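Architecture at a glance
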Amino acid sequence: MKIAILSRNRKLYSTARLVEAAKKRGHEVRVIDHIRCFMDMGTDNPSIHYKDEEFNKGDFDAVIPRIGSSVTFYGTAVVRQFEMMGIYCVNESVAISRSRDKLRSIQLLSRKGVGIPVTAFANSPDDVSGLIREVGGAPLVIKLLEGTQGIGVVLAETKKAAESVIEAFMGVKSNILIQEFIKEAGGSDIRCFVVGGEVIAAMQRTAPAGEFRSNLHRGGSAELVQLTKEEKAAAVKAAEIMGLNVCGVDLLRSSRGPLIMEVNSSPGLEGIEEATKKDVAGMIIEFIEVNAKPNATATRGKG
Ligand code: ADP
């Protein structure tokens, strides 16, 4: 097969591993920087221009989008253009956009009955105390909607601290959400790597001492974890609701069962492959081999 990986940098671990896995399985593979693609609309044959080349329908059999959150808008437009050309994209543009919108994701997950931490959002409430009461009072977590890698995620231990932080964020016109603090998670979360409706690998990430955020970028450590049936089912359902074939589903272990925090459409491979010693890149390529065939049907999300 001819596979295109949309990535800004071929040296990134995840990109390099996907290239390696595709080649090992006998495929032709190219890394394309989506930011440098341009597209013309309104013609009968949608195509993509890249440097001095033009890509058309037959040039690729499958596309693996690895779109960073800072370029979601343009990146998903490029993925959409590949879709318009009739090329199979392992994650569809609409599913990537859906999962990048934190509010929309939380609303969808909650509507479909997936467990999530009690969450409230507001633009400019007159009643900050009421908002805090909504999630059960302090301690609580305040999150910047645009944040990634744990930046802009704040634990407010007291009501006073919560009020100050909420007012400060609102004062600079930042969009935030407020969430109950899941204390019993003990500074750990679980990343479930879902491919084709199955959890193919999972790791527990634990925050360093004195920190509640377990992001590996914030010094968290990762180890292999055994999931319960309930946790597996929650992760698979979250992926299905988002309509993502390949994704990372992050959940917290709470006293009332697994609570989904986030679904990531371009999950990193380094931490999960290291912690689980699994060939996650190979499993993604294998999934594409089965599903990129003509007339294959991909998972589609709702809403
Ligand atoms: P980001 O998308 O920036 O990584 P997250 O929402 O995943 O932000 O939060 C970062 C980390 O903070 C999580 O991995 C988790 O360890 C911790 N965390 C987030 N929300 C909660 C919560 N409601 N209760 C307890 N810990 C949380």
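Residues numbered from 1 in each chain as written. Predicted model: local features only at pLDDT ≥ 70, side-chain atom pairs only at ≥ 80, totals over all residues. Heavy atoms only, no water.

In this structure, F82, V249 and I260 are the most contacted members of the largest nonpolar core, which totals 47 residues. Top element by residues in this core is helix α7 (residues 229-242). It accounts for six residues. The residue makeup of this core includes at least three contributed by each of domain 1 (2-91) and domain 3 (184-264). Leaving out residues up to four positions away in the same chain, V249 has contacts with I190, R191, C192, V194, A235, A238, A239, I260, E262 and V263. Within the second largest apolar cluster, 28 residues are counted, among which are A21, M203, A275 and A292. (Core = buried A, V, L, I, M, F, W, Y, C linked by side-chain atoms within 4.5 Å. Buried < 20%, exposed > 50% of the residue type's maximum accessible area, 1.4 Å probe, protein only. Helix = DSSP H or I, 4+ residues; strand = E, 2+ residues; numbered from the N terminus. Domains from an automatic or database assignment. Contact = heavy atoms within 4.5 Å.)

Another aspect to go through is the domain arrangement of the chain. Interfaces are often sized by the accessible area lost when the parts come together. Taken domain by domain, the chain comprises domain 1 (2-91), domain 2 (119-181) and domain 3 (184-264). Once you take the C-alpha centre of each, domain 1 and domain 3 turn out to be 28 Å apart.

This part is about the packing of aromatic side chains. Throughout the structure, instances matching the rule amount to four aromatic pairs. On the basis of an interplanar angle of 75° and a centroid distance of 5.1 Å, the ring pair of F55 and F60 is categorised as edge-to-face. Summarising the aromatic geometry, the rings of F181 and F212 are spaced 6.0 Å apart at their centres and angled 80° between planes, so their arrangement reads as edge-to-face. With F181 in the loop between β11 (176-180) and β12 (188-195) and F212 in the loop between β13 (198-206) and β14 (221-224), the pair connects residues that are 31 residues apart, well separated along the chain. The class for F212 is partly exposed, based on a relative accessible area of 22%. (Phe/Tyr/Trp six-rings, centres within 6.5 Å; stacked < 30°, edge-to-face > 60°.)

Residue position: Q204 is located in strand β13. Residue Q204 is classed as buried on the basis of its relative accessible area, which comes to 17%. Each residue touching Q204, except ones within four places of it in the same chain, is listed here: S188, D189, I190, S221, A222, E223, V225 and R253.

Judged by side-chain charge, R10, K11, K23, R36 and K51 come together as a positively charged surface patch. Positionally, R10 belongs in the loop between β1 (2-6) and α1 (13-24). (Patch = residues over 30% accessible without salt bridge, like charges linked within 9 Å, V, L, I, M, F, W, Y side chains within 5 Å. Areas by Shrake-Rupley, 256 points an atom, 1.4 Å probe, with all protein chains shown as cover. Salt bridge = Lys/Arg side-chain N within 4 Å of Asp/Glu carboxyl O. Lys, Arg positive; Asp, Glu negative; His and termini not counted. Charge placed at Lys NZ, Arg CZ, Asp CG, Glu CD.)

The next point concerns the site of the ligand. As a structural note, the neighbourhood of the ligand is formed by 19 residues, with K143, G150, S214, N215 and E262 the closest of them. Take Q149: an N or O atom from its main chain is 3.2 Å from an oxygen atom of the ligand. At 2.8 Å from an oxygen atom of the ligand is found a side-chain nitrogen or oxygen belonging to S214. Secondary structure elements with two or more residues in the shell around the ligand: β9 (140-144), β11 and β16 (257-264). Tallied by class, the residues present in the shell around the ligand amount to seven nonpolar, six polar and six charged. Both of domain 2 (119-181) and domain 3 (184-264) provide at least three residues apiece to the shell around the ligand. (Near = heavy atom within 4 Å. Polar contact = N/O pair within 3.5 Å; in protein donor to acceptor, adjacent residues only side chain to side chain. Nonpolar A, V, L, I, M, F, W, Y, C, P; charged D, E, K, R; others polar.)

Bringing the sheet that holds β13 into the picture now. Strands belonging to one sheet form pairs held by backbone hydrogen bonds; the direction of such a pair is parallel or antiparallel. The strand order across the open sheet built from five strands is β14-β13-β12-β15-β16, with neighbouring strands paired in antiparallel fashion. In this open sheet, the two strands that pair with only one neighbour each are β14 and β16. Averaged over neighbouring strand pairs, the angle between their axes works out to 30° when direction is ignored. Helix α9 (residues 280-291) contacts β12, β13 and β15 (246-254) of the sheet and is inclined by roughly 35° relative to β12. (Pairing = 2+ DSSP bridges. Axes fitted to C-alpha atoms, helices over the stretch in contact; angles between N-to-C directions.)

The subject of this paragraph is the pattern of salt bridges. Enumeration over the complete set of coordinates arrives at 16 salt bridges. A salt bridge links E262 to K102; the nearest nitrogen and oxygen atoms lie 3.9 Å apart. Of the two residues, E262 sits in strand β16 while K102 sits in helix α4 (residues 102-111), which places them 160 residues apart along the sequence. The exposure class of E262 is partly exposed, given its relative accessible area of 32%. Residues E231 and R253 are paired through a salt bridge, measuring 2.6 Å at the closest nitrogen-oxygen approach. Here E231, found in helix α7, pairs with R253, found in strand β15; they are 22 residues apart in sequence, far enough to count as distant. Several salt bridges share partner residues, and in doing so they unite R17, E20, E273 and D279 into one network.

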